[in-house]
Amino acid sequence: MKKSNVGRGLVAGLALVGTIAALPAQASACGGEWYPVMETDYRRRGIAMAEKQLEEGKMLDAAATVIRVMPHIKSLKAERSTLVARAQRVLAMATARNGGALPVDAQVPDYAQGTWLGRTADARAENLEWSIVALRGVAETKKSDTAGTTDLAEALATVDSHKAEARTILEKLAEKDLVASPEGYAALARLRQAAGDEKGQQLALKRCEAMSTTPSMCRTNANG
Amino acid sequence: MKHAASALTLLLALYAAACSSKEPSGAQPAAAATSAASAALAPASSVAAAEERPYVHGDAARGADLAKTYECSRCHQGTGLAAVPVELACFGCHVDIDAGKFKGPADKMVKWKQHVQHVMDVPSLDSAGSRFQERWLADFLQRPKDLRPHLAPTMPRLAMPEDDARDLAAYLARDAKPAPAVDLSRADAAHGRELIESKACGACHAMSGAAKLSLQPNAVGPRVAPAITLAPDLALTRERYEAPELVRWLMDPPAIKPGTLMPSFGLSRAEAMDIAAYLLTAELQPIERAVPERLPLLERPVTFDEVNDRVLSKTCRHCHGNPDIAGGDGGPGSTGGFGFPARHLDLSTYTGVASGWVGADGERHSIFNKTSDGTPRLVAALYARQAEEAGVIDPEIRGMPLGMPSLPSEDVQLVATWIAQGRRR
């Protein structure tokens, strides 16, 4: 009796899993949103949440979400999946905007923390380098995407050896009014200031302050 | 006696003036019509056609390929093409949402169901060639106008050159069966109007510029509402039809287009001719459609969230989405469609909007770049749609939202203010 109940339960369970796996995910461009029939991939939800957190300026929350959802994110390649590209973008931006240090030990289990906490200068440098490499990879997956290019330039601007490249990218984007974020303009303001271009710095700060919901961010970032 | 002579002279002068008046620009064509004057009963379309250079028919075989290129089947049935996948079937999607068949979160479906009510019906192209003038089809494909006053969407203004329009028109007319010739010179247009009233055509149709058709709803049932929605403005009949095809259609619509919502009224040939005479020659008052005035910028702060909630997420995102979260298809304005190349304009996020669009040169361009009158391009496109609805087409900029009713001026004002204030996130 027991065996047949277990057997029935197993069959029912397998049938349920099979049904869930077989249900077609109905995607459409309607509303530009993705609605799987049953959300079996928790990562999609997680990354979408992380993107929202990043947008809201909750850098550490965004980073923690990505690391928990994809603990091995450092070893993944953006060109393999748009989900990985999205995740790497969020984590890279959070890292760059926090100077390479992500104190997320309260939110991320030990095994996944790696160098993310950025407790040493080397760890922070490694994190920033990873951010730049990741954002280059993300930008490669979507050529001519100025949002990706703005992000990359913002990250480049955090490392001395990459600042010249950052400024070249941002100046080109600014010329065409394609700097995709206030943070991008804040980075440009910093770079112009470092080059002694005060007028240019003020123009970039003005753009940042007009675009940002927290204008104080522009000058805080600008002053380092 | 003197007064009677003066009155007669005045009447004759007015009649002569009416017969020779030109069409007012941008308005419905006006033509003198009395049942007594045989010359006036010549269908305006035939007269106009004779004055134009001869129409050069297109290549129907090439038109078949073009029907796929321009993805006619995404909206229309009766194209002769295979049905498109559900992800590409715009109206099919809406019908499924309304019917509760679309699979998605329940709260979203409740919200979406309200939004799709006005975008569920679209005319079938079945037997288009047996009804409409091929020349008119070609012209309409290039310069679409609002044919159906009760239908919110209109034929979108696609990027279609003249030779494509001709070939596509030839394809749509491929199965045309010319109707027997008719002579409307002895038809009674006044009686035609009486028949239109007695058959309650006004229950579905409007006729812009004519004396208002009386509304006498004479039917109930599930086919009535879509029939009203899809009923074309009768004032445009003279552009679309030749007299023989019109008479044939009026006599037995389902025989020409099976499944049509236009019922058969059992009209005799004489009755159909009288109605045709009226439709083709009735005097139409010009309809002035003014372009709405531009509202001044708002004085309060506007953020992206507000613009997104009121405008971008409601309307724009359907065609300008992010392919990464929409199954690879960002819509015709993003990853391409309806014959448009991929322009990668993603209006679903702040950074997407700020990233602009990819031009024919392969380079990104900001949608905030100013046009020649200093208007940011995004705003100019919204104004251009308002102008299109008033019959004013800007060759430089395509009105948005494409094929949908223009945004209210208050929404355009909101977008313009947001941009002018620096595009706050």
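From a predicted model like this one, the values you see are computed outputs, not experimental measurements.

J.: For this particular structure, what's the right way to read the overall build of chain B?
T.: Along chain B, the regular secondary structure elements total 17 helices and two strands. Out of the 425 residues in chain B, the part that is buried amounts to 47%. Partitioning the contacts of chain B with sequence separation of at least 6, the portion at a separation of at least 24 is 65%. Looking at chain B as shown, the accessible area adds up to about 20600 Å², and 57% of this sits on carbon and sulfur atoms.

J.: Which parts of the structure should I look at to understand the confidence of the model for chain A?
T.: All names here are of chain A. Counting all residues, the mean pLDDT for chain A is 85, and 80% of those residues have values of 70 or more. Mean pLDDT across the secondary structure elements of chain A bottoms out at strand E1 (residues 26-27), with 44, and peaks at helix H8 (residues 163-175), with 97. Long-range and interchain partners of residues 34-39, a stretch whose pLDDT sits below 50, account for 20 contacts in this model, where long-range means more than four residues apart.

J.: Would you mind showing me how to read the nonpolar core here?
T.: Burial of nonpolar side chains together is a common tendency in soluble globular proteins. Counting 80 residues, the largest nonpolar core has Leu91(A) and Trp418(B) as its most contacted members. The element best represented in this core is helix H4 (residues 82-97) of chain A, accounting for nine residues. Once residues lying within four places of it in the same chain are set aside, the contact partners of Trp418(B) are Val302(B), Thr303(B), Phe304(B), Val307(B), Tyr350(B), Val353(B), Phe368(B), Arg423(B) and Arg424(B). By size, the runner-up hydrophobic cluster in this structure holds 56 residues, among which are Ala165(B), Leu172(B), Leu267(B) and Leu284(B).

J.: Mind showing me how you'd approach the state of the cysteines here?
T.: Counted according to the given criterion, the structure contains one disulfide over all chains. The residue that forms a disulfide with Cys208(A) is Cys218(A), at a sulfur-sulfur distance of 1.9 Å. As the torsion about the S-S bond is roughly -85°, the Cys208(A)-Cys218(A) disulfide counts as left-handed. Of this pair, Cys208(A) sits in helix H10 (residues 198-211) while Cys218(A) sits in helix H11 (residues 216-222), and the two are ten residues apart along the sequence. As far as burial versus exposure is concerned, Cys208(A) and Cys218(A) are alike and both buried. Of all cysteine sulfurs in the structure, the one in Cys201(B) sits closest to Cys204(B), which takes part in no disulfide; the separation is 8.7 Å.

J.: Is there a simple way to explain unusual backbone geometry in this structure?
T.: Most peptide bonds adopt trans geometry, and most residues besides glycine take a negative phi value. For the peptide bond that leads from Met400(B) to Pro401(B), omega is 5°, which places it in the cis range. By secondary structure assignment, the location of Pro401(B) is in the loop between helix H16 (377-389) and helix H17 (409-420). In this structure, Asp177(A) takes a positive phi of about 55° despite not being glycine. Take Asp177(A): it is sitting in the loop between H8 and helix H9 (182-194).

J.: Would you take a moment to explain the packing of H4(A) against helix H6 (residues 121-141) of chain A for this structure?
T.: For any two helices packed against each other, one specifies the crossing angle of their axes together with the interaxial distance. All names here are of chain A. At a minimum axis separation of 9 Å, H4 and H6 run at an interaxial angle of 145°. The handedness of the crossing between H4 and H6 comes out as left-handed. The residues of H6 that touch H4, namely those facing Ala 85, Gln 88, Arg 89, Leu 91, Ala 92, Met 93, Thr 95 and Ala 96, are Asn 127, Leu 128, Trp 130, Ser 131, Ala 134, Leu 135 and Val 138. Here the contact of H4 with H6 is built from residues that sort into ten nonpolar, four polar and one charged.

J.: Help me understand the side chain of Asp274(B) in this model?
T.: Tracing the backbone shows Asp274(B) in helix H13 (residues 269-281). Other than its neighbours up to four places away in sequence, Asp274(B) contacts Ala187(B), Asp188(B), Ala189(B), His191(B), Gly192(B) and Leu195(B).

J.: Just checking my understanding: could you explain the packing of aromatic side chains for this structure?
T.: For any two aromatic rings, the description comes down to two numbers: the centre-to-centre distance and the angle of the planes. Residues and elements named next belong to chain A. Per the counting criterion, the structure on display carries nine aromatic pairs over all chains. Centre to centre, the rings of Trp 116 and Trp 130 are 5.2 Å apart; their planes meet at 85°, and the pair counts as edge-to-face. One end of the pair, Trp 116, is in the loop between helix H5 (110-113) and H6; the other, Trp 130, is in helix H6, with 14 residues separating them in the sequence. Neither Trp 116 nor Trp 130 differs from the other in exposure class; each is buried.

J.: Please explain the interface of chain B and chain A as it appears in this structure.
T.: In this complex, chain B contributes 36 residues to the contact, which on the side of chain A involves 33 residues. Interface area for chain B against chain A, summed over the two sides, is near 3300 Å², with a carbon-plus-sulfur share of 51%. Considering only the side of chain B, the residues that lose the most area to chain A are Asp324(B), Arg364(B) and Arg425(B), jointly responsible for 20% of the buried surface there. With a shortest N-O distance of 3.6 Å, Glu363(B) and Lys176(A) are connected by a salt bridge. Linking chain B to chain A there are ten residue pairs in polar contact (both at pLDDT 80 or more). At the level of elements, helix H5 (106-116), helix H15 (350-354) and strand E2 (364-365) of chain B are the ones that each hand at least two residues to the side of chain B that touches chain A. The dominant element in the side of chain B that touches chain A, judged by the number of residues it contributes, is H15(B), at three residues. Looking at the side of chain B that touches chain A, its residues break down into eleven nonpolar, 14 polar and eleven charged.

J.: Whenever I open this one, the environment of Ser268(B) confuses me. Can you help?
T.: One can find Ser268(B) in the loop between helix H12 (253-256) and H13. Residues Ser268(B) and Asp252(B), spaced 16 residues apart in sequence, show a C-alpha to C-alpha distance of 9.7 Å.

J.: Would you explain helix H14 (residues 304-312) of chain B in this entry?
T.: Every α-helix carries 3.6 residues per turn, so stepping three or four residues along brings you back to the same face. Residue and element names in this part refer to chain B. Here H14 has its buried residues at Phe 304, Val 307, Asn 308, Val 311 and Leu 312. The buried side chains of H14 occupy one side of the element, clustering within an arc of 105° when seen end-on. Buried-residue contacts for H14 involve H15 and H17.

J.: What should I look at first to understand the packing of H8(A) against H9(A) in this one?
T.: All names here are of chain A. Two numbers describe how H8 lies on H9: the axes approach to 10 Å, and their chain directions differ by 120°. Considering the angle they form, H8 stands oblique to H9. Along this stretch, H8 crosses H9, giving a crossing that reads as left-handed. Residue-level contacts link Lys 163, Ala 166, Arg 167, Leu 170, Glu 171 and Ala 174 of H8 to Gly 184, Tyr 185, Ala 187, Leu 188, Leu 191 and Arg 192 of H9. For the contact of H8 with H9, the class distribution of residues is seven nonpolar, one polar and four charged.

The rules behind each value
Residues numbered from 1 in each chain as written. Chains lettered and ligands numbered in written order. Predicted model: local features only at pLDDT ≥ 70, side-chain atom pairs only at ≥ 80, totals over all residues. Heavy atoms only, no water. Helix = DSSP H or I, 4+ residues; strand = E, 2+ residues; numbered from the N terminus. Buried < 20%, exposed > 50% of the residue type's maximum accessible area, 1.4 Å probe, protein only. Contact = heavy atoms within 4.5 Å. Areas by Shrake-Rupley, 256 points an atom, 1.4 Å probe, with all protein chains shown as cover. pLDDT = per-residue confidence, 0-100. Core = buried A, V, L, I, M, F, W, Y, C linked by side-chain atoms within 4.5 Å. Disulfide = S-S within 2.5 Å. Axes fitted to C-alpha atoms, helices over the stretch in contact; angles between N-to-C directions. Left-handed = near helix turned anticlockwise from the far one by under 90°. Nonpolar A, V, L, I, M, F, W, Y, C, P; charged D, E, K, R; others polar. Phe/Tyr/Trp six-rings, centres within 6.5 Å; stacked < 30°, edge-to-face > 60°. Buried area = accessible area lost by both parts, 1.4 Å probe. Salt bridge = Lys/Arg side-chain N within 4 Å of Asp/Glu carboxyl O. Polar contact = N/O pair within 3.5 Å; in protein donor to acceptor, adjacent residues only side chain to side chain. Arc of directions from axis to C-beta. Parallel < 35°, antiparallel > 145°, perpendicular 65-115°, else oblique.

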